[in-house]
Amino acid sequence: MNVYLITGASKGIGLALSKELMSENNVLICVARTTNEELLQLGKEKECHIVFLEYDLVNIEGLEELIKTMVAHLPANPHSITLINNAGVVDPIGRTENNKAEGINKSITLNLTAPMVLSSAFIKHVKDYPIQKKIINISSGAGRNPYTGWSSYCASKAGLDHYTRVVSQEQDGEINGVKIISIAPGIIDTGMQEKIRSVDEKDFELVGRFIDYKEQGQLSSPEFTAQKLKRIIESKTFNKLDPILDLREL
Ligand code: NDP
């Protein structure tokens, strides 16, 4: 059996990926602020052991407990255990001088600190399991190229990438270490894109381009993205992957 902890599983990419990973051979521990009842129902139909934990990931003090919960759900003789750090926000959108402290703090906490704390606790608590262990960080092209109006988001995802590089090096030296990757998924038709298209041009000068992407059908579906992610996560050559990846190039 394979165990997955998926953050941001109630909507968008996280929801599609949870559905894609749903099978009787997998155990899913889903996290978001709101339970997705449809996902739980689907779990019953597919005889997949699924737990949905309502949790606001900006409360970083409780994140180690989340990892302990995941470890507590390990079945006898599990095949693998995977943490998928997917939850994220694009806010605050707007020129830096207009960003408020609260928005900047929330962005960095959810997009960067929470994945770091979860990864740290994960590595610690699964250390003695002689099984395949993986961390998938959902990054963004915004962490690799600057976008004016997205300074916090760009900084958080660039941080997530660089954190991944360091942890990857550390774990490379371990016997039965955790394999960690940071993957940019492309441009996906989710609530996050809806939010991006809704802002004023003075806050995000490329808003017109993102409206065009939608109107010209250039967004990937969450389902297609989830299928590609699943193929990568389950790939036999997963351990040989570069730590920094772009889903569009795979
Ligand atoms: P959505 O806005 O559709 O979904 C975000 C998910 O994160 C929801 O399940 C939401 O659940 C959860 N979430 C948000 N805030 C919190 C919180 N404080 N605590 C717990 N869960 C939270 O976004 P996407 O699916 O588009 O994005 C998923 C990931 O993909 C993000 O990391 C994003 O940066 C990345 N990405 C997305 C792209 C795109 O084009 N869509 C492009 C590049 C990267 P709830 O509200 O119930 O808490």
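Residues numbered from 1 in each chain as written. Predicted model: local features only at pLDDT ≥ 70, side-chain atom pairs only at ≥ 80, totals over all residues. Heavy atoms only, no water.

- If you look the protein up in an unreviewed UniProt entry, it shows as Short chain dehydrogenase from Lederbergia lenta.
- Regarding the protein, the UniProt comment filed under Sequence similarities (unreviewed entry) reads as follows: "Belongs to the short-chain dehydrogenases/reductases (SDR) family." (UniProt positions renumbered as here; feature names shortened; annotations may be inferred.)

A look at the packing of helix α1 (residues 12-21) against helix α8 (residues 222-233)
Logical step 1: For the pair α1 and α8, the least separation of the axes is 8 Å and the interaxial angle reads 55°. Regarding the angle of α1 to α8, the classification is oblique. Once α1 is placed against α8, the crossing between them reads as right-handed. Side by side, α1 and α8 meet where Gly-12, Ile-13, Ala-16, Leu-17, Glu-20 and Leu-21 of the first sit next to Pro-222, Glu-223, Thr-225, Ala-226, Gln-227, Leu-229, Lys-230 and Ile-233 of the second. (Axes fitted to C-alpha atoms, helices over the stretch in contact; angles between N-to-C directions. Helix = DSSP H or I, 4+ residues; strand = E, 2+ residues; numbered from the N terminus. Parallel < 35°, antiparallel > 145°, perpendicular 65-115°, else oblique. Left-handed = near helix turned anticlockwise from the far one by under 90°. Contact = heavy atoms within 4.5 Å.)

A few points about α8
Since the α-helix advances by 3.6 residues per turn, residues separated by three or four positions end up pointing in the same direction.
Logical step 1: The terminal C-alpha atoms of α8 lie 16 Å apart, and with 12 residues this matches the ideal 16 Å at 1.5 Å per residue to within 8%.
Logical step 2: Every buried residue belonging to α8 is among Pro-222, Thr-225, Ala-226, Lys-228, Leu-229, Ile-232 and Ile-233, and all of these are buried. Burial along α8 is one-sided: seen end-on, the buried residues are contained in an arc of 165°.
Logical step 3: Along its buried surface, α8 packs onto β1 (2-7), α1, β4 (80-85), β5 (132-138) and β6 (179-184). (Expected span 1.5 Å × (residues − 1). Buried < 20%, exposed > 50% of the residue type's maximum accessible area, 1.4 Å probe, protein only. Arc of directions from axis to C-beta.)

So, the sheet that holds β4
Logical step 1: If you trace the 7 strands from one edge of the open sheet to the other, you get β3-β2-β1-β4-β5-β6-β7, paired in parallel fashion. One side of each edge strand has no neighbouring strand; the edge strands of this open sheet are β3 (49-54) and β7 (244-246). In this sheet, adjacent strand axes meet at a mean angle of 20° when their direction is disregarded.
Logical step 2: Relative to strand β2 (residues 26-32), β1 is paired through 6 bridges, and the arrangement is parallel. Paired with Thr-7 across the two strands is Val-31, which belongs to β2.
Logical step 3: Helix α2 (residues 37-45) rests against β2 and β3 of the sheet, and its axis sits at about 165° to β3.
Logical step 4: Against the sheet, helix α5 (residues 151-172) makes contact with β5, β6 and β7, and its axis sits at roughly 155° relative to β6, the strand it touches most. (Pairing = 2+ DSSP bridges.)

Some remarks on the site of the ligand
Logical step 1: Neighbouring the ligand are 29 residues, the closest being Lys-11, Thr-34, Asn-86, Tyr-153 and Thr-190.
Logical step 2: Protein chains bury 94% of the 880 Å² of accessible surface belonging to the ligand in isolation.
Logical step 3: Of all elements in the fold, only α1, α5 and α6 (191-197) reach the threshold of two or more residues within the shell around the ligand.
Logical step 4: With 3 residues, the single largest contributor to the shell around the ligand is α6. (Near = heavy atom within 4 Å. Areas by Shrake-Rupley, 256 points an atom, 1.4 Å probe, with all protein chains shown as cover.)

Some words on the pattern of salt bridges
Logical step 1: Scanning all chains against the criterion turns up 11 salt bridges.
Logical step 2: Between Arg-144 and Asp-161 there is a salt bridge; the shortest N-O distance is 2.7 Å. Of this pair, Arg-144 sits in the loop between β5 and α5 while Asp-161 is found in helix α5, placing the two residues 17 residues apart along the sequence. (Salt bridge = Lys/Arg side-chain N within 4 Å of Asp/Glu carboxyl O.)

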